[in-house]
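Structural overview
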Amino acid sequence: MDTKEATSKLEEAFQKWVTSEDFRKIERFIRAFHNYSFGNLMLIFLQKPEATRVAGFNTWKKLGRFVKKGEKGIMVIAPCAYTYKKEEEGVETVHHGVKGFKAAFVFDVSQTDGEPIPEEEEVLVTDEYEGLRSIEESLERLGYTIDYYEESHGEHGHVSKKSKVIHVHDKIPTGQKASTLLHEWAHLQMGRDTSPDDEEIIVQTASYFIMARLGLDTSFYTARYVESWSNGKKWAEISKLFTQSDRLCKKYFAEVCESAMI
Ligand SMILES: [Zn+2]
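It should be emphasised that the depicted structure is a prediction, and the values quoted were computed from it without experimental measurement. (Residues numbered from 1 in each chain as written. Predicted model: local features only at pLDDT ≥ 70, side-chain atom pairs only at ≥ 80, totals over all residues.)

Here we take up the sheet that holds strand E7 (residues 157-159). The sheet built from three strands is open, its strands ordered E6-E8-E7 with mixed pairing. For this open sheet the edge positions go to strand E6 (145-149) and E7, each flanked by a neighbour on one side alone. The mean angle between the axes of side-by-side strands here comes to 20 degrees, regardless of whether they run parallel or antiparallel. On top of the sheet, helix H6 (residues 174-189) reaches E6, E7 and strand E8 (165-169); it is set at about 20 degrees to E7, its chief contact. (Pairing = 2+ DSSP bridges. Helix = DSSP H or I, 4+ residues; strand = E, 2+ residues; numbered from the N terminus. Axes fitted to C-alpha atoms, helices over the stretch in contact; angles between N-to-C directions. Contact = placed C-beta atoms within 7 Å.)

Strand order across the open sheet formed by three strands is E1-E4-E3, with antiparallel pairing between neighbours. Each end of this open sheet is capped by a strand with a single partner; those strands are strand E1 (54-56) and strand E3 (74-88). Adjacent strand axes in the sheet meet at a mean angle of 35 degrees when their direction is disregarded. As paired strands, E3 and strand E4 (residues 91-108) are joined by 14 bridges and run antiparallel to one another. Its bridge partner lying in E4, valine 76 is registered against alanine 104. With respect to the sheet, helix H3 (residues 38-47) is in contact with E1 and E3, its orientation differing from that of E3 by roughly 155 degrees.

What follows covers the environment of serine 20. Topologically, serine 20 is positioned in the loop between helix H1 (3-18) and helix H2 (21-32). A C-alpha to C-alpha distance of 16 Å links serine 20 and threonine 222, two positions 202 residues apart in sequence.

Examined at the domain level, the protein breaks down into domain 1 (33-114) and domain 2 (122-261). Relative to domain 2, the C-alpha centre of domain 1 lies at a distance of 39 Å. (Domains from an automatic or database assignment.)

One way to put it is that helix H7 (residues 196-214) packs onto helix H8 (residues 219-228) with a least axis distance of 10 Å and a crossing angle of 175 degrees. If you check the angle between H7 and H8, you find them roughly antiparallel. Taking contact as the criterion, the partners of Ile201, Gln204, Thr205 and Tyr208 in H7 are, on H8, Ser219, Thr222, Tyr225 and Val226. Residue composition of the contact of H7 with H8, by class: four nonpolar, four polar and no charged. (Parallel < 35°, antiparallel > 145°, perpendicular 65-115°, else oblique. Nonpolar A, V, L, I, M, F, W, Y, C, P; charged D, E, K, R; others polar.)

Here you go:
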């Protein structure tokens, strides 16, 4: 599968995921938990150290859950927002400001009941891939050391940009190992001028392009991964990053071919 074909396949998988019912459920839920300031996180921790997800009474209601009888709210500090109009050179503009703070109350998920909380299941490339050994050999020939580790905290692999060691979790299918090896290799090729979020999109898509050429379709996994780092961006904007992924893909094959000839 070439890059063009792979891109349209990825778009298809992406659109399918972001229009799915599962995605909408998860998204609605995540959006409901706005970011709390450091001070508020401290307040929450002091009052209820075991709290995991907190939200106000009405937010829980919107999510189909209700605060259980007799539960005591956790106090946080909420800014009093207000809007005001300003006239400048005959044009009226609306501004938002903050005038002082007030106490507000939130509740932890353990204090609520109702609709189940959607959990995003772990997504991974479940296929076994026979070409894994050949990717490992290529990377080793290029001077990389591969370290398979046993314990994972949910991540599939990692690298330190200062070294040429690629760490990959040992307890994942061979298809995921291959995908992760190339993902981590791509990280090592990136400079410092890309935001971390964009870098994740670029390197995973590069891994996907390479795997597509090597005969394993990881579009399902890649679409989910790309979406999770996209901050809600639309496909048209996301796909602009793919010229960099394509460049990495070409670089991989050029370097691998060259090393094979020595
Ligand atoms: Zn990464």
